[in-house]
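Structural characterization, general
Each chain is listed here by its residues.
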Amino acid sequence: QVQLVESGGGLVQPGGSLRLSCAASGSIFSINAMGWYRQAPGKERELVAAITSGSTNYADSVKGRFTISRDSAKNTAYLQMNSLKPEDTAVYYCNARVRIGVYVDYWGQGTQVTVSS
């Protein structure tokens, strides 16, 4: 089992920055990859960024603005969000993927990010 606790969301003006944190606990050594997803009201959940042992992946809409990172010593993943736009407004969810024969996904409760003037 993996438990994820998110923090760092809030209200920010366009062009501003936020850093989201995701602290993992439990069977942390079984985590293969971590990622951030977001979901706006009435829209589908979408992948924002993901990180595995040797690579990262970003949605085209956030490339050059967002950076995903992981601190193994603190068992924490981060999403640094710069140059925020109103269309970035959503609930952001942390994801941890475990593979033991099959893939199993664990999710945080989500943190609200609102970009507005």
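Residues numbered from 1 in each chain as written. Predicted model: local features only at pLDDT ≥ 70, side-chain atom pairs only at ≥ 80, totals over all residues. Heavy atoms only, no water.

**Some thoughts on the state of the cysteines**
How we decide: Two cysteine sulfurs form what is called a disulfide whenever their separation falls within 2.5 Å. Numbered from the N terminus, helices here are DSSP runs of H or I no shorter than four residues, and strands are runs of E no shorter than two. When a residue's accessible area, from a 1.4 Å probe over protein chains only, is under 20% of the maximum for its type it is buried; when over 50% it is exposed; and in between it is partly exposed.
As enumerated under the stated definition, the model contains one disulfide in all. The disulfide that involves cysteine 22 links it to cysteine 94, with 2.1 Å between the sulfurs. Residues cysteine 22 and cysteine 94 are joined by a disulfide whose S-S torsion is about -85°; by sign, that bridge is left-handed. Here cysteine 94 lies in strand S9 (residues 90-100) and cysteine 22 lies in strand S3 (residues 18-26), a separation of 72 residues in the sequence. Among the residues examined, cysteine 94 registers a relative accessible area of 1% and is labelled buried.

**Some thoughts on the pairing of strand S4 (residues 31-39)**
This is how the line gets drawn: Think of it this way: DSSP has to see at least two bridges between two strands before they count as a pair.
The buried count for S4 comes to seven of nine residues, which makes it a mostly enclosed element. In this structure, S4 lies alongside S9, joined through eight bridges in antiparallel fashion. Counterpart to methionine 34 in the pairing with S9 is alanine 96. Sheet topology note: the S4/strand S5 (residues 46-51) ladder contains five bridges and is antiparallel. Within the sheet, the bridge partner assigned to arginine 38 lies in S5 and is glutamate 46. Hairpin connection of S4 to S5: six residues between the antiparallel strands, including glycine 42 at a positive phi of 75°.

**Some words on the side chain of arginine 65**
Secondary-structure assignment places arginine 65 in the loop between strand S6 (56-58) and strand S7 (66-71). A residue is classified by how much of its surface remains accessible, and arginine 65, at 10% relative accessible area, is buried.

**Observations regarding the packing of aromatic side chains**
For clarity, the threshold we go by: Pairs were defined over the aromatic rings of Phe, Tyr and Trp, the Trp ring being its six-membered one, requiring ring centres within 6.5 Å. Orientation was assigned from the angle between planes: stacked under 30 degrees, edge-to-face over 60, tilted for the rest. Note on criteria: charge over ring means Lys NZ or Arg CZ within 6 Å of the ring centre, with the direction from the centre no more than 35 degrees off the ring normal.
By the definition in use, this model includes one aromatic pair. A centroid spacing of 5.0 Å and a plane angle of 70° characterise the contact between tyrosine 37 and tryptophan 107, whose relative ring orientation is edge-to-face. With tyrosine 37 in strand S4 and tryptophan 107 in strand S10 (residues 102-107), this residue pair connects regions lying 70 residues apart in the sequence. Here the guanidinium or amino end of arginine 99 rests over the ring plane of tyrosine 103, the centre of that ring lying 5.6 Å away.

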